[in-house]
Amino acid sequence: MTYIVGVQTVFEVIGEPNRRAILSLLASSERSVGEIEGQLRMTQPTVSKHLRVLRDAGFVEAQVYAQRRVYRLKPEPLKELDDWLEQFRRFWTPHVDALERYLDRMDQSTPTNKGEAK
């Protein structure tokens, strides 16, 4: 039961679009609150509110450098989510593999435009 509550909490945290946007931004590099505000065009109170939720849930951590607080992604909660999703991959993996094979066949059968005048 504790595991189910934990997964529910993870879904509640990442279910909010602004928090997903912040996580996506932090996936590429550490960012200050001001950088997140600028990139996502959110107000400072909104960014701070979402960062607090993400920090409390263990998705991000902050480093303080003088007056500046820099946030970075902590991937462990996402690993838990990935582990839970593993049981469902069997439903979509064959379809993705089939699509890849189909696209490869299309790519091989498409003539190249080399030598044609434009």
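Residues numbered from 1 in each chain as written. Predicted model: local features only at pLDDT ≥ 70, side-chain atom pairs only at ≥ 80, totals over all residues. Heavy atoms only, no water.

Novice: Any chance you could break down the overall build of the chain for me, citing the residues and the numbers?
Specialist: Scanning the chain from N- to C-terminus turns up 6 helices and 3 strands. When its helices and strands are written in sequence order, the chain yields α-α-β-α-α-β-β-α-α. Here the chain, with 118 residues, has 22% of them falling under the buried criterion. Long-range pairs, those at least 24 residues apart, make up 47% of the contacts in the chain between residues at least 6 apart in sequence. Counting every atom, the chain has about 8800 Å² of accessible surface; 53% of that belongs to carbon and sulfur. (Helix = DSSP H or I, 4+ residues; strand = E, 2+ residues; numbered from the N terminus. Buried < 20%, exposed > 50% of the residue type's maximum accessible area, 1.4 Å probe, protein only. Contact = heavy atoms within 4.5 Å. Areas by Shrake-Rupley, 256 points an atom, 1.4 Å probe, with all protein chains shown as cover.)

Novice: Give a description of the side chain of arginine 31 that names residues and reports values.
Specialist: Within the secondary structure layout, arginine 31 lies in strand S1 (residues 31-32). As a buried residue without a salt bridge, arginine 31 has its nearest oppositely charged side chain in glutamate 35, at a separation of 5.6 Å. At a separation of 3.0 Å, a polar atom in the side chain of arginine 31 contacts the side chain of serine 28. (Lys, Arg positive; Asp, Glu negative; His and termini not counted. Salt bridge = Lys/Arg side-chain N within 4 Å of Asp/Glu carboxyl O. Polar contact = N/O pair within 3.5 Å; in protein donor to acceptor, adjacent residues only side chain to side chain.)

Novice: Describe in detail the sheet that holds strand S2 (residues 60-65), supporting the description with residues and values.
Specialist: On the basis of which strands lie adjacent, the open sheet formed by 3 strands has the order S1-S3-S2 and antiparallel pairing. One side of each edge strand has no neighbouring strand; the edge strands of this open sheet are S1 and S2. By the bridge criterion, 2 bridges tie S1 to strand S3 (residues 68-73) in an arrangement that is antiparallel. Note on S3: the bridge partner recorded for arginine 31 is tyrosine 71. Those strands touched by helix H2 (residues 17-28) are S1, S2 and S3, and its axis lies near 90° from that of S3. (Pairing = 2+ DSSP bridges. Axes fitted to C-alpha atoms, helices over the stretch in contact; angles between N-to-C directions.)

Novice: Give me the lowdown on the packing of H2 against helix H4 (residues 44-56), citing residues and values where you can.
Specialist: The description of two helices packed together rests on the angle between their axes and the distance between the axes. Interaxial distance between H2 and H4 falls to 10 Å at its minimum, and their mutual angle equals 80°. In terms of orientation, H2 and H4 fall into the roughly perpendicular class. Across from Asn18, Arg19, Ile22, Leu23 and Leu26 in H2, the residues of H4 making contact are Val47, His50, Leu51, Val53 and Leu54. In the contact of H2 with H4, the residues fall into 7 nonpolar, 2 polar and 1 charged. (Parallel < 35°, antiparallel > 145°, perpendicular 65-115°, else oblique. Nonpolar A, V, L, I, M, F, W, Y, C, P; charged D, E, K, R; others polar.)

Novice: Describe the packing of aromatic side chains, with residues and values.
Specialist: The tally for this structure, following the rule as stated, stands at 2 aromatic pairs. Measuring from centroid to centroid gives 5.0 Å for tryptophan 84 and phenylalanine 88, while their planes differ by 55°, and the two rings are tilted. We classify tryptophan 84 as partly exposed; its relative accessible area is 24%. An aromatic cluster of at least three residues, connected via ring pairs, comprises Phe11, Trp84 and Phe88. (Phe/Tyr/Trp six-rings, centres within 6.5 Å; stacked < 30°, edge-to-face > 60°.)

Novice: Got a sec to walk through unusual backbone geometry? Specific residues and values, please.
Specialist: Despite not being glycine, arginine 41 shows a phi value in the positive range, around 55°. Mapped onto the elements of the fold, arginine 41 is located in the loop between helix H3 (33-40) and H4. Taking the relative accessible area as the measure of exposure, arginine 41 reaches 79% and is therefore exposed.

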